[in-house]
Protein chains: 12
Amino acid sequence: MATILLLSGPNLNLLGEREPAVYGTTTLDELVAIASETAAKRGHDVEHMQSNHEGDLVDAIQGARGRCAAIVFNPGAFSHYAYALTDALATFDGVKVEVHLSNPHAREAWRHHSVISPVVDGIVTGFQAAGYRLAVDAAATLLEERTT
Amino acid sequence: MATILLLSGPNLNLLGEREPAVYGTTTLDELVAIASETAAKRGHDVEHMQSNHEGDLVDAIQGARGRCAAIVFNPGAFSHYAYALTDALATFDGVKVEVHLSNPHAREAWRHHSVISPVVDGIVTGFQAAGYRLAVDAAATLLEERTT
Amino acid sequence: MATILLLSGPNLNLLGEREPAVYGTTTLDELVAIASETAAKRGHDVEHMQSNHEGDLVDAIQGARGRCAAIVFNPGAFSHYAYALTDALATFDGVKVEVHLSNPHAREAWRHHSVISPVVDGIVTGFQAAGYRLAVDAAATLLEERTT
Amino acid sequence: MATILLLSGPNLNLLGEREPAVYGTTTLDELVAIASETAAKRGHDVEHMQSNHEGDLVDAIQGARGRCAAIVFNPGAFSHYAYALTDALATFDGVKVEVHLSNPHAREAWRHHSVISPVVDGIVTGFQAAGYRLAVDAAATLLEERTT
Amino acid sequence: MATILLLSGPNLNLLGEREPAVYGTTTLDELVAIASETAAKRGHDVEHMQSNHEGDLVDAIQGARGRCAAIVFNPGAFSHYAYALTDALATFDGVKVEVHLSNPHAREAWRHHSVISPVVDGIVTGFQAAGYRLAVDAAATLLEERTT
Amino acid sequence: MATILLLSGPNLNLLGEREPAVYGTTTLDELVAIASETAAKRGHDVEHMQSNHEGDLVDAIQGARGRCAAIVFNPGAFSHYAYALTDALATFDGVKVEVHLSNPHAREAWRHHSVISPVVDGIVTGFQAAGYRLAVDAAATLLEERTT
Amino acid sequence: MATILLLSGPNLNLLGEREPAVYGTTTLDELVAIASETAAKRGHDVEHMQSNHEGDLVDAIQGARGRCAAIVFNPGAFSHYAYALTDALATFDGVKVEVHLSNPHAREAWRHHSVISPVVDGIVTGFQAAGYRLAVDAAATLLEERTT
Amino acid sequence: MATILLLSGPNLNLLGEREPAVYGTTTLDELVAIASETAAKRGHDVEHMQSNHEGDLVDAIQGARGRCAAIVFNPGAFSHYAYALTDALATFDGVKVEVHLSNPHAREAWRHHSVISPVVDGIVTGFQAAGYRLAVDAAATLLEERTT
Amino acid sequence: MATILLLSGPNLNLLGEREPAVYGTTTLDELVAIASETAAKRGHDVEHMQSNHEGDLVDAIQGARGRCAAIVFNPGAFSHYAYALTDALATFDGVKVEVHLSNPHAREAWRHHSVISPVVDGIVTGFQAAGYRLAVDAAATLLEERTT
Amino acid sequence: MATILLLSGPNLNLLGEREPAVYGTTTLDELVAIASETAAKRGHDVEHMQSNHEGDLVDAIQGARGRCAAIVFNPGAFSHYAYALTDALATFDGVKVEVHLSNPHAREAWRHHSVISPVVDGIVTGFQAAGYRLAVDAAATLLEERTT
Amino acid sequence: MATILLLSGPNLNLLGEREPAVYGTTTLDELVAIASETAAKRGHDVEHMQSNHEGDLVDAIQGARGRCAAIVFNPGAFSHYAYALTDALATFDGVKVEVHLSNPHAREAWRHHSVISPVVDGIVTGFQAAGYRLAVDAAATLLEERTT
Amino acid sequence: MATILLLSGPNLNLLGEREPAVYGTTTLDELVAIASETAAKRGHDVEHMQSNHEGDLVDAIQGARGRCAAIVFNPGAFSHYAYALTDALATFDGVKVEVHLSNPHAREAWRHHSVISPVVDGIVTGFQAAGYRLAVDAAATLLEERTT
């Protein structure tokens, strides 16, 4: 059994009430529940942390080193400029999955570029709440592949 | 029960033998099997078509109108310039998922931009063979959400 | 009496049902009829060909060399990248008119640039079905000017 | 019966003598005659105004509001930078057609971009004198479509 | 009576002593006093918060949801890259005013672009201390307009 | 007592009837009244001039030299390219305030860049009619600061 | 004996009092005198015209066709965007010289590009008042070369 | 003895009659003969295929895997955008030579960039018909070097 | 004797274990020891602070005003976007040295631009652990030069 | 009496025989004679030096420091990239004039940018042989202005 | 019999020992021997010159005018910026072939653009030592074609 | 004991008298003395060479191969375009340090990019004369690390 760190970036604490046309009506707690449930089915544990502070997320990624097997990360708006997160993820040897609720490529131009994407294993975008199930599922699969 | 059209773009017929370090060792037949199996579990059918010809893929997308409920599409190198596919997908009302075996954002600069991404519902990249399972799973979920 | 080749690019076979707010409700058959009727009034013949395949359109342009006096071409999405069509048109000595149903300059940025425009005689965009009448009318006028 | 405002931008008063290889040998008066004749056949009236002054053209467009049903506009070099004309046209609710004698896309790079194109209904370029007939014809057709 | 949140970004705590030629000699406390006084005259309350931490400002904006009627925000250098603030402001339904002491357009090129400007109602720049009075005045006016 | 020149650029004479969703329903006369009233309260006079002609605005700015103490300028679409106005303003030593009714940064990309902004003291955008009151208020404050 | 049209663009009427550090202390009248004197020595006549209106300058260039042998033009800020002047100059067959008092390449970036330079015979920049003597001298020399 | 696949892209079937000033007067059949003769002298065989269809060329490259030792490819206009050919060539382990009859760097800007060049061993451009002899010669030499 | 503030940006706390091929095997504690020792030899004191939080670093720089004589700063990934640090450093009047362990110009493109470099006195990059000795040495030298 | 250094960059030794349509038929010796004669009339001396070596030109500029009063420089193709010449000229306190025989702005795009222009006093381009007379005349005038 | 000038740019004197993985193990002397031998078979002579000095290469190209029939040029790193060589080659009327040992398009981005390519007849890149044989062969063929 | 080659690029021979506000008042001889002294303390020898000729510097770098252990290089303005130096340095296996007296990132935009930086081990900029001591110190340290 491994621990999967589920990380949520800025403004994701408002999910459910924030622009539901874009982000859906599921709350962050519900998303965490979906992720945990998915992980549990695969024999894994989910640890969740949300922050509006880039530094807290860097700290959390560092703290996951040697302790968590995978990170599933929705960086929110930090996707587009927070290179300190890029560097932090590069120091983490485990499985790394980027997840977005909406499809950034169908939105404003500044959302089309992610500084996180080049350092993760895979990306899941646009499936709203279901994306969290898929991302954890993907992380679990990569974990299994690596341990065999 | 619905039909999901699984579309594979240029050079994907070589999967398994083509640059396995990048694309993995699974063959296209095996990927189709994975997709079919995943769809079957959700009560759906997979129809597969691969072509190195942009026009054939446009024809296939048009042919899916009113007949298929979803398209799961790995456009291969067509992702980066084939706007005729962009327009074709825009005429298809069903669920649309883009899938890539590798993570294009960790490769050459010209692979970072997809002309397909703005017109799909969601995107799954970087999970190799497992990505097909996840993409079909995602498509099935979106289908269920839309019919409820 | 001369033959005018009316060429229709990818996805134009769907006209009438495809995004009617953008492209109008006239079908491709109706557009061909409008073009033929306009040509007939000027003593010319229209030959029509539609394809979703860039190569077929290159073949058709080559086949028109020495046989047709003019080409009226709606390249659809191929307008924006299909340089093989640019080169093919450059080998055709007759009258060349580009036509678009919608006004690409009022749509997405990638539709603002046409690789076809630099090698045609004139361009007609934004008049929906009436554009086909105008384009054939224009071609006929240029034919008359060249033969006098 | 409606009034169509035919607007001619800077240097078009020199037509006939100015670079005939590019702009043809027809004079502006002859172009106005062509336009008037075309309009008359469709039961409309043409009012013409030429100016080398951007402000005069803004005034003319404003003056057409509520009085003219359509504007056929050859903005000349103002096409490429005169955003005050863009804004003026946006305040005019009638039919708007942009016309150029030559094909700007086959000329210098700075002529490829028009700040007028995004706010008109349709565009006719490259047909020399015949373009005025086609543009008025197009305007008349759009007028008929809107009133039916 | 409504509460207006006055938010000050990084380095603004140094006002009065920091580059007075650029930012003037008024201290942040004095600016808050000006803002409060202006608000009071309009029957409103000012709540002030300054932080050098992007995350704190995101928290503050979120905390203002449903509690404050307006935000007057001087984002300082965060104007130019802190998209997490862009997203946070987008979740706030009240009146939003951006204020800068200096005129960024008369300074270094990197100060000309603000990621905050597209999501606010209005902007006041270049008036030094008086800008705070004007910004609060503007916010009060917009509040009144919206409630009538 | 000083004279403040209120300058209005192209198409602003249509205010009230032009795109009210963007520019509000206040007419230019009403805006001038607001500005005059505001100035009067501060002991100043407003002189107004509107033109669709760039040259007239250059003339007006030059004519204000040595006669007016401040210019409050809404350059309309001239903001984006009319460098002759930039140069004219640079020759005026008094207070200079740029004002826009709408927030250009929330509109088309070509409205994001102003060639006027680098040569004014301050900018007020997005507050509709109230912006004129604020801009005159700001100009009056700067005048007072300079004379003390 | 030939007539040389000396054309002065926007804000040049202020020479002598406008930013003397940049443009020198010579007035426009003095510059015209210098030009006339230089021309007289070569047996030519100078006709001068200054305007802040782009359209007036277009009119003047058109009016010089067939009447003047050369144009010496200081386009001021119109250098950087007024393509209507580019087109007007292209219709003038005589000698064309561009002159600037200051050296635009040593100033702001937007002054480095001139839309006038590609259509003139030669350019003289940076010599303040002496530049007018040199430009007229150059024009006279080109006239002599062309008539021999 | 090895087989060298000679591949010709779009519009090359017209060689001899198409723009002879640019492409020379040699026909494609004559070029194939030159290539075959050159190969024969080195003990190799040439197999030729021309297509205006990108997909056919992808198929041909795939079909050469494990059967041909080298590909000599004139991609014509596909050079500039057909990334599916880039990917196809990357799957071919043998010798790869790009050949162009004209020198693209001395032509239009869009011909300066080739998406094929980064994945071939060497390039021969600008020598007209002789280029085919040189390209086959080069391929034969690389084959010999690799087998020794 | 003066105090030199040694500031370390995000992820530098992991030095020694993080990508040793890039950053070397020296730990941050060892780097601080090197810096302290170097400073001591010059009669100065080193105070060290590391943070993954941009705001903490802004606070630290502000706190050094009037208390520390120099700042030696390794901004890590903040180098590339954290303009709040640029502004904070601009308010510090003492000696400012930027130091990087690796040579950013030999790495990914996004590491080539530093928003910190324009506001420091000097820069030392690429010398791994020795760079800290050199940077403190440089700071001490600048301190001596300024006090003489 | 002062010495004016006339400097000629690469390939100018071929003048007279090199592309006469572009550069005229005057030889470099004749240009030097024109320059010398012009200088003599103003009481100055011309010293000439031509080199195809950037370093020689840097040496010559350095050697002119304190010995020559002015440099008239035709940098030829070095205009577009040789920043070592930019720096060398910046160390020369005397009068600096850049001269070109042709008008670079009417030629290839890469000739539009000069790295020399920002550091000279004035520029004379496009007047062929007469340009040398004008440039020396300009230099002499600037010398006189500076000594009075 | 004609003389072919073989020109080698900077750092090519180190061939054989410099980065053999990129440039092969053949020395420059061996390349010259290959070129001479190839030329001899076609009845021509090779004259070789290598220099690390751009000026020497300009001199050599000029010296070849009227004396050599062809230039085969490996400009090394000068390919990417040395416009003085571009101009020099433009003055040489004979056959001009550019040759590179490696394939620059498969290397760093700055190697993709050559300022030499637009002024040569043809280009041979990527064939290591064999490229010299091919380039001389190509030059000989062009010489024969031009003399027949 | 090893030899360190100290290389100085164009215009550095003027140090001490050239723009002292930017480059300090130390002469090149004094800088060489500083470097030699620093090297001597570490048991090394300094050999110095200055040139305004790019080719001489390429020769010098080549001549250092196998004879010098390190190069300390101030490329001056060659930093920004001289790719021949980039290539030459790439062939030198020893320690490579780039040094600049001023901080190029605080100066003109064209000084921000160095084509030398990607191929050196480390960089020291902005410390004036002290930079030479630091650069030699750094080189010596890298030498020691490599030999242990």
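The rules behind each value
Residues numbered from 1 in each chain as written. Chains lettered and ligands numbered in written order. Predicted model: local features only at pLDDT ≥ 70, side-chain atom pairs only at ≥ 80, totals over all residues. Heavy atoms only, no water. Contact = heavy atoms within 4.5 Å. Buried area = accessible area lost by both parts, 1.4 Å probe. Salt bridge = Lys/Arg side-chain N within 4 Å of Asp/Glu carboxyl O. Polar contact = N/O pair within 3.5 Å; in protein donor to acceptor, adjacent residues only side chain to side chain. Helix = DSSP H or I, 4+ residues; strand = E, 2+ residues; numbered from the N terminus. Pairing = 2+ DSSP bridges. Least-squares fit on C-alpha atoms with pLDDT ≥ 70 in both. Axes fitted to C-alpha atoms, helices over the stretch in contact; angles between N-to-C directions. Phe/Tyr/Trp six-rings, centres within 6.5 Å; stacked < 30°, edge-to-face > 60°. Buried < 20%, exposed > 50% of the residue type's maximum accessible area, 1.4 Å probe, protein only.

Peer 1: Even after reading the chapter, I still don't get the interface of chain K and chain H, so can you show me in this structure?
Peer 2: One widely used convention gives an interface's size as the accessible area the parts lose upon coming together. Taken residue by residue, the interface counts 22 residues in chain K and 22 residues in chain H. It is His105, Ile123 and Phe127 of chain K in chain K that bury the most area against chain H; as a group they hold 30% of the surface buried on that side. In this assembly, chain K and chain H are joined by 2 salt bridges. Its salt-bridge partner being Asp137 of chain K, residue Arg133 of chain H comes within 3.0 Å of it at the nearest N-O pair. On the surface where chain K and chain H come into contact, there are 10 residue pairs in polar contact (both at pLDDT 80 or more). Elements that contribute at least two residues to the side of chain K that touches chain H include exactly β5 (122-125) and α5 (130-147) of chain K. It is α5 of chain K that contributes the most residues to the side of chain K that touches chain H, 7 residues altogether. Across 3 bridges, strand β5 (residues 122-125) of chain H lies against β5 of chain K in antiparallel orientation.

Peer 1: What exactly am I supposed to notice about the relation of the copies chain K and chain H here?
Peer 2: The relation between the two chain copies is a rotation about an axis coupled with a shift along that axis. Mapping chain K onto chain H leaves a residual RMSD of 0.0 Å; the transformation is a rotation of 180° accompanied by 0.0 Å of translation along its axis. This pairing of chains is accounted for by a two-fold axis. In terms of C-alpha distance to the rotation axis, chain K has Val124 of chain K as its closest residue, with the C-alpha 2.3 Å off the axis. Looking at the interface residues of chain K, 100% of them are also at the interface in chain H, so both copies use one shared face.

Peer 1: How should I be thinking about the sheet that holds strand β5 (residues 122-125) of chain A in this particular structure?
Peer 2: The strands making up a sheet associate through hydrogen bonds between their backbones, and the pairing can be parallel or antiparallel. The strand order across the open sheet built from 10 strands is β2(A)-β1(A)-β3(A)-β4(A)-β5(A)-β5(B)-β4(B)-β3(B)-β1(B)-β2(B), with neighbouring strands paired in mixed fashion. Pairing within the sheet leaves two strands with one partner each, and these edge strands are β2 (45-50) of chain A together with β2 (45-50) of chain B. Averaged over neighbouring strand pairs, the angle between their axes works out to 20° when direction is ignored. Here 4 bridges tie strand β4 (residues 95-100) of chain B to strand β5 (residues 122-125) of chain B, and the two strands are oriented parallel to one another. When the sheet's bridge partners are listed, His100 of chain B is paired in β5 of chain B with Thr125 of chain B.

Peer 1: Got a minute to help me understand the packing of aromatic side chains in this structure?
Peer 2: Where two aromatic rings form a pair, the distance of their centres and the angle of their planes describe that pair. Tallied over the full model, the rule gives 48 aromatic pairs over all chains. Their ring planes at 80° and their centres at 6.0 Å tell us that Tyr81 of chain D and Tyr81 of chain G sit as a pair that is edge-to-face. Placement of Tyr81 of chain D in the loop between β3 (70-74) and α4 (83-90) and of Tyr81 of chain G in the loop between β3 (70-74) and α4 (83-90) is noted, with the two residues assigned to different chains. On the basis of relative accessible area, Tyr81 of chain D is assigned to the buried category, the value being 4%. The rings of Phe78, Tyr81, Tyr83 and Trp110 of chain A, Phe78, Tyr81, Tyr83 and Trp110 of chain E together with Phe78, Tyr81, Tyr83 and Trp110 of chain I are connected pair by pair, giving a single aromatic cluster.

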